[in-house]
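Tertiary structure, described
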Amino acid sequence: MSSEARPGTPLIELRDVTKVFTTAGRGRVTALDGIDLTIEAGDIFAIIGYSGAGKSTLVRLINALERVTSGRVIVDGIDLTTLSERRLREVRRGIGMIFQQFNLLRSRTVFGNVAYPLKIAGWSKADIEKRVAELLNFVGILDKAWHYPDQLSGGQKQRVGIARALATNPKILLADESTSALDPETTADVLRLLKRVNTELGVTIVVITHEMEVVREIADRVAVLDSGRIIEQGRVLDVFTDPQHETTRRFVGTVLRDQPEGTNLERIRARHPGRLVTARVRDDRNIGAVLSNAHARHGVSFEIVYGGIKELAGQSFGGLTLELIGDDSGVDALIAELREITEVQEVAS
Ligand SMILES: Nc1ncnc2c1ncn2[C@@H]1O[C@H](COP(=O)(O)OP(=O)(O)OP(=O)(O)O)[C@@H](O)[C@H]1O
């Protein structure tokens, strides 16, 4: 791999990639079907999908642990589909990887785990010591250098995993469900560390996840994978704001929880008999101005009955459910006015 990849230039490209497994029990399984994907240098790119969508297969094609059935995988300008096994091993050295279950060597200390890839790469003892100290300092566990993995918490183990993955200065870090085994607070710590890996070290990160919260926290761009196909991709803000596909809407819904459902909705209904609407809230859509004039203009008052607003790519984003109290024509007029600036959904009674 060349040593420089300029931000904004394509670093990982999949062109019309299909991967078919032939199995004894299920016959031919199409794990990936016509995938077109470009990941640019400097990005944190998330690939999200439910179990079986094809995420792991996609990762294994990027680090050349699997070969495509058809199509091309180009990493840093090199077409992996044409390379010999020996050359593929070299390419793999430029790609770090972290895992859900950390995959540390239990018989080695933290130092030994991080030193391992450097030994294999033939580094001198002095260089290894210097590099490992630097890495452990960066991930914040220098004081644990002589501990064994079993003596560490999940978050500390993943820090070791990150230090080990970065040891040989890879340009790309693949994070496969890297926070799925961690509690929410530790997840947030590890995601913050990955963000530093991206901004301070310039490493391009591909995050594989089934959790939209992870995408919201860390990613610049996202591709949604469903049954081996990419059904949607783009900037995280755009995908969250305007999801096109039902699967994407379900993922977005898991993060925002901004619309009342089920027993929540029943409880709200029992207390608020008026018409209920959910309005999309975004920094650039000032629904407050319309609502503050609602009584004067339409004879309608309102009560906020439910809401979920999150920070996303530096903006506030979410939904507010309002009970609108007034006669039907006034409420209709207010909804029409709100719809001029944002999406408004009437909650079915
Ligand atoms: N080596 C294999 N042999 C046969 N079928 C496979 C193989 N690897 C994956 N598959 C199949 O390909 C499809 C996609 O699997 P994959 O593991 O890539 O999905 P995933 O999104 O990573 O799911 P999970 O989150 O459960 O790991 C599934 O139907 C799976 O059974």
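Keep in mind that this is a model prediction, so the values were computed, not measured. (Residues numbered from 1 in each chain as written. Predicted model: local features only at pLDDT ≥ 70, side-chain atom pairs only at ≥ 80, totals over all residues.)

This paragraph deals with the UniProt feature "domain: ABC transporter" (unreviewed entry) in the protein. The feature "domain: ABC transporter" (unreviewed entry), as given by UniProt, occupies residues 12-252 in the numbering adopted here. Counting secondary structure, residues 12-252 comes out at 39% helix and 28% strand; the distance between its end C-alpha atoms is 26 Å. (UniProt positions renumbered as here; feature names shortened; annotations may be inferred. Helix = DSSP H or I, 4+ residues; strand = E, 2+ residues; numbered from the N terminus.)

Turning our attention to the domain arrangement of the protein. Domain boundaries assigned for the protein yield domain 1 (10-94 + 170-255) and domain 2 (258-346). Measuring from the centre of the C-alpha atoms in domain 1 to the corresponding centre in domain 2 gives 36 Å. Across the contact, six residues belong to domain 1 and five residues belong to domain 2. (Domains from an automatic or database assignment. Contact = placed C-beta atoms within 7 Å.)

This paragraph deals with the site of the ligand. Around the ligand, the structure places Phe-21, Thr-23, Val-29, Ala-31, Gly-49, Ser-51, Gly-52, Ala-53, Gly-54, Lys-55, Ser-56 and Thr-57. Of all the elements in the fold, those that place two or more residues in the shell around the ligand are strand S1 (10-23), strand S2 (27-40) and helix H1 (55-62). No other element matches the three residues that H1 contributes to the shell around the ligand. Split by residue class, the shell around the ligand holds four nonpolar, seven polar and one charged. (Near = placed C-beta within 6 Å. Nonpolar A, V, L, I, M, F, W, Y, C, P; charged D, E, K, R; others polar.)

This part covers the sheet that holds strand S5 (residues 78-79). Strand order in the open sheet formed by four strands is S2-S1-S4-S5, with antiparallel pairing between adjacent strands. Of all strands in the sheet, those bounded by a partner on one side alone are S2 and S5. As paired strands, S1 and strand S4 (residues 70-75) are joined by five bridges and run antiparallel to one another. Residue pairing across strands places Leu-14 opposite Val-73, the latter belonging to S4. (Pairing = 2+ DSSP bridges.)

Residues Val-114, Val-206 and Val-207 are the most contacted members of the largest nonpolar core, which totals 91 residues. Counting residues domain by domain, this core receives three or more from each of domain 1 (10-94 + 170-255) and domain 2 (258-346). (Core = buried A, V, L, I, M, F, W, Y, C linked by C-beta atoms within 7 Å. Buried ≥ 20, exposed ≤ 12 C-beta atoms within 10 Å, placed from the backbone.)

Here we come to the packing of helix H5 (residues 154-166) against helix H6 (residues 184-201). Direction vectors running N to C along H5 and H6 enclose 15 degrees, while the axes themselves pass 9 Å from each other. Classed by the angle they form, the pair H5 and H6 counts as roughly parallel. The chirality of how H5 crosses H6 is right-handed. Judged by residue contacts, Gly-154, Gly-155, Gln-158, Arg-159, Ile-162 and Leu-166 of H5 engage Thr-186, Asp-189, Val-190, Leu-193 and Val-197 from H6. Grouping the constituent residues of the contact of H5 with H6 by class yields five nonpolar, four polar and two charged. (Axes fitted to C-alpha atoms, helices over the stretch in contact; angles between N-to-C directions. Parallel < 35°, antiparallel > 145°, perpendicular 65-115°, else oblique. Left-handed = near helix turned anticlockwise from the far one by under 90°.)

With 18 residues, H6 should reach 26 Å at 1.5 Å per residue; the first-to-last C-alpha distance of 25 Å fits that figure. Of all the positions in H6, only Thr-187, Val-190, Leu-191, Leu-194 and Val-197 are classed as buried. End-on view of H6: buried residues confined to an arc of 105 degrees, all on one side of the axis. Opposite its buried face, H6 presents the exposed residues Glu-185, Arg-192, Thr-199 and Glu-200, each directed more than 90 degrees away. A positive phi of about 70 degrees marks Gly-202, the residue just after H6. (Expected span 1.5 Å × (residues − 1). Arc of directions from axis to C-beta.)

Look at helix H3 (residues 110-120) against helix H4 (residues 125-139): their axes get within 10 Å of each other, and the N-to-C directions meet at 125 degrees. Compared by their axis directions, H3 and H4 come out oblique. Here the hand of the crossing between H3 and H4 comes out right-handed. Mapping the contact onto sequence places Val-110, Phe-111, Val-114, Ala-115, Leu-118 and Lys-119 in H3 and Ile-128, Arg-131, Val-132, Leu-135 and Leu-136 in H4. Split into classes, the residues belonging to the contact of H3 with H4 amount to nine nonpolar, no polar and two charged.

Moving on, we come to the confidence of the model for the protein. Predicted coordinates in areas of low pLDDT are best not read in detail. Chain-level statistics for the protein give a pLDDT mean of 91 and a share of 99% at 70 or above. Here helix H9 (residues 246-256) stands out as the least confident element of the protein, with mean pLDDT 83; H4 is the most confident, with 97. For this predicted complex, the interface score ipTM comes out at 0.96, while the overall pTM is 0.84. (pLDDT = per-residue confidence, 0-100.)

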